[in-house]
Amino acid sequence: MHCTRKVTDDVVWIGGSDRRLALFENIFPIPRGVSYNSYLLKDEKTVLLDTVDRSIAEQFLENLAYALEGRNLDYVIVNHMEPDHCALIRDILVRYPQAQVVGNAKTFTMMDQFFDFDLTGKTVTVKEGDTLETGRHTLSFIMAPMVHWPEAMMTYDTVDKILFSADAFGTFGALNGNIFADELDFERDWLDDARRYYTNIVGKYGAPVQAVLKKATGIEIAVICPLHGPIWRENLSYLLEKYQTWSSYEAEDQAVMIAYASMYGNTENLANVLACRLADAGIRNIAVYDVSNTHVSQLIAESFRCSHIVLAAPTYNGGIYPVMENYLNDMQALAVQKRTFAVLDNGTWASTAGKQMAEKLSGLKDVKILDTKITIKSALKEAQLEQLDALVNEIKADF
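Residues numbered from 1 in each chain as written. Predicted model: local features only at pLDDT ≥ 70, side-chain atom pairs only at ≥ 80, totals over all residues. Heavy atoms only, no water.

### Focus: the sheet that holds strand S16 (residues 223-225)
Then comes step 1: A sheet is described by the order of its strands in space; here five strands give the open sequence S12-S13-S14-S15-S16, paired in mixed fashion. Edge positions in the open sheet fall to strand S12 (131-133) and S16, since each of these has one partner strand only. For this sheet, the mean inter-axis angle between neighbouring strands, taken without regard to orientation, is 20 degrees.
Then comes step 2: Looking at chain direction, S12 and strand S13 (residues 138-143) are connected through three bridges and run antiparallel. Considered in S13, the bridge of Glu-133 is made with Thr-138. (Pairing = 2+ DSSP bridges. Helix = DSSP H or I, 4+ residues; strand = E, 2+ residues; numbered from the N terminus. Axes fitted to C-alpha atoms, helices over the stretch in contact; angles between N-to-C directions.)

So this is what it looks like as structure tokens:
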């Protein structure tokens with residue numbers, strides 16, 4: 001049975017959600033599932049904008065057939081070639097053999113890599129600014145390379161002012177009938193997943209995102225239709241401002257994130273004592289995470305949100321405790337920058353983790369490492385509370 005919703009008079013959402021999938025890209029936990037959005041434009045010509053992941057193939061194909069109401073499909077626009085959005089291209093062309101496939105040159109290079117079917121005479125290759133007339137509507141194409149794959153592009157409906165934004169402006173989370181952001185409490189229920197999605201999927205590519213945002217300022221946008229998560233038709237400035245902040249690597253909040261790794265609880269105690277003393281000093285926005293029990297994607301999302309990050313870890317085999325090192329490697333891979341860091345370490349017979357963490361942090365762009373560095377030998381002692389207070393004062397002064 002079909003499950004569709006109208007976006008505008010001529011555009012229908014025909015996507016679906018997967019609530020069974022545990023890991024997005026087989027890496028990122030998605031306890032609330034994920035949606036795969038696809039859209040059908042019904043004009044003199046019919047246009048399908050992207051397909052979906054194979055996991056929801058049956059629902060999608062029923063939705064498409066219902067929305068077409070017996071009509072043929074004229075075009076399939078492929079904004080993004082990642083398999084969670086292009087898996088059903090072959091199925092579509094088998095069912096609608098007269099349809100032409102629209103993409104850019106890199107789209108078709110990747111399509112040849114993923115599939116073996118013959119597209120001779122069935123492709124329309126577009127570039128920046130090209131248009132496709134469908135009747136009442138004119139579709140314009142905006143290249144968005146490295147947001148977050150090299151072939152990514154967006155499609156803009158110049159009549160209804162809809163931006164079909166591919167993976168940009170998406171979020172983790174299944175849609176539950178309410179497909180529009182204004183039908184949801186986005187800030188309460190969706191913002192954390194939107195941030196985690198952006199920072200881990202697109203976070204490295206701030207400069208390409210900035211380039212696309214610059215293009216977006218030159219067009220009038222009434223609706224943003226992403227490939228994951230809610231559709232935006234109100235308060236678009238809220239979403240665009242978030243992307244501006246994230247892609248420029250500015251801190252979203254003046255906040256202190258304390259990320260600790262602890263083998264037996266002594267480094268954890270150090271982190272907790274620091275948190276209490278920060279609170280006593282009047283700092284309210286404090287987040288504390290056990291790196292061993294928090295997925296690194298959440299740590300990265302919080303690293304983008306918070307202005308100040310405290311890292312506390314024991315030395316392990318002469319190096320950095322492995323889960324902390326993994327987090328630091330992800331920071332580097334995803335281009336965390338413009339943050340203030342403090343480093344704390346613990347060692348019973350050798351304390352080298354602090355120095356090594358500082359060395360890794362120094363490789364990040366435009367970061368500040370606070371002068372007060374604290375090393376404990378096995379456990380925090382009363383005599384070191386003065387050092388801890390010095391660090392609190394240094395953090396507070398830097399706010």
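### Considerations on the side chain of Thr-46
Then comes step 1: In this fold, Thr-46 is placed in strand S8 (residues 46-49).
Then comes step 2: By relative accessible area, Thr-46 is classed as buried at 0%. (Buried < 20%, exposed > 50% of the residue type's maximum accessible area, 1.4 Å probe, protein only.)

### Examining the side chain of Asp-157
Then comes step 1: Note that Asp-157 resides in strand S14 (residues 153-157).
Then comes step 2: For the buried Asp-157, no salt bridge exists, and the shortest N-O distance to an oppositely charged side chain is 6.3 Å, to Arg-136.
Then comes step 3: Of the polar contacts made by the side chain of Asp-157, one reaches the side chain of His-137; its length is 2.8 Å.
Then comes step 4: With sequence-adjacent residues up to four places away left out, Asp-157 is seen in contact with His-137, Thr-138, Leu-139, Ile-162 and Phe-164. (Lys, Arg positive; Asp, Glu negative; His and termini not counted. Salt bridge = Lys/Arg side-chain N within 4 Å of Asp/Glu carboxyl O. Polar contact = N/O pair within 3.5 Å; in protein donor to acceptor, adjacent residues only side chain to side chain. Contact = heavy atoms within 4.5 Å.)

### Quick word on the packing of helix H6 (residues 191-202) against helix H8 (residues 236-247)
Then comes step 1: For the pair H6 and H8, the least separation of the axes is 11 Å and the interaxial angle reads 40 degrees. Taken together, H6 and H8 sit at an angle that is classed as oblique. For H6 against H8, the interelement crossing comes out right-handed. Each of Leu-191, Ala-194, Arg-195 and Tyr-198 in H6 lies in contact with H8, whose residues at this interface are Tyr-238, Lys-242, Tyr-243, Trp-246 and Ser-247.
Then comes step 2: Here the residues of the contact of H6 with H8 are counted per class, giving six nonpolar, one polar and two charged. (Parallel < 35°, antiparallel > 145°, perpendicular 65-115°, else oblique. Left-handed = near helix turned anticlockwise from the far one by under 90°. Nonpolar A, V, L, I, M, F, W, Y, C, P; charged D, E, K, R; others polar.)

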